[in-house]
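Structural overview
The residues making up each chain are set out below.
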Amino acid sequence: MAPTTTVSPATTTTAPDPSDPPFTRQYDSTGGSITVNWNGTALSLVSTAAAAGYETEIEDQSADRIRVRFRSDSNASRIEVRVQDGRVEHTIS
């Protein structure tokens, strides 16, 4: 007797939505920190706080990118938070 093979009907799976859930998060650098809100569709800058001796410069404040630079006489740092393919990414330099 030959082995029996069972064929399952084709199934379709849907990948989960890659979008990050809403959050409010603080990002820290040498020159200061920023607090950013992500509501699921847009970023917004909630606050900035420069470290002692640093000044704050908001370079970009749009729905898909927040970029803030902190400068002192001898140093600079930058925090960038951006939306890329529905995911929120950040860079601190």
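Structure report, in brief. (Residues numbered from 1 in each chain as written. Predicted model: local features only at pLDDT ≥ 70, side-chain atom pairs only at ≥ 80, totals over all residues. Heavy atoms only, no water.)

1. Some thoughts on the environment of Ala-51
Mapped onto the elements, Ala-51 comes out in the loop between strand E3 (43–50) and strand E4 (55–62). Accessibility expressed as a relative area gives 27% for Ala-51, which makes it partly exposed. Considering only alpha carbons, one finds Ala-51 and Thr-30, 21 residues apart in sequence, at a separation of 7.4 Å. Residue contacts for Ala-51: discarding those within four places in its chain leaves Thr-30, Gly-31 and Gly-32. (Helix = DSSP H or I, 4+ residues; strand = E, 2+ residues; numbered from the N terminus. Buried < 20%, exposed > 50% of the residue type's maximum accessible area, 1.4 Å probe, protein only. Contact = heavy atoms within 4.5 Å.)

2. Focus on the packing of aromatic side chains
Taken as a whole and judged by the stated rule, the model has 0 aromatic pairs. Residue placement shows Arg-25 over the ring face of Phe-23; its charged tip is 3.8 Å from the ring centre. (Phe/Tyr/Trp six-rings, centres within 6.5 Å; stacked < 30°, edge-to-face > 60°. Lys NZ or Arg CZ within 6 Å of the ring centre and 35° of its normal.)

3. Details of the nonpolar core
Formed by 14 residues in total, the largest nonpolar core has its most connected members in Tyr-27, Ile-34, Val-36, Leu-43, Ile-66, Val-81 and Val-88. Within the residue set of this core, elements represented by two or more residues are strand E1 (23–28), strand E2 (32–38), E3, strand E5 (65–71) and strand E6 (76–84). (Core = buried A, V, L, I, M, F, W, Y, C linked by side-chain atoms within 4.5 Å.)

4. Quick notes on the pairing of E5
Both E4 and E5 contribute to a ladder of 7 bridges, which runs antiparallel. Directly across from Ile-58, in E5, lies its bridge partner Val-68. The hairpin turn running from E4 into E5, its antiparallel successor, is 2 residues long. Relative to E6, E5 runs antiparallel, the two being bridged by 7 bridges. Of the residues in E6, the one forming a bridge with Arg-67 is Glu-80. Here E5 folds back onto E6 in antiparallel fashion, the turn holding 4 residues. (Pairing = 2+ DSSP bridges.)

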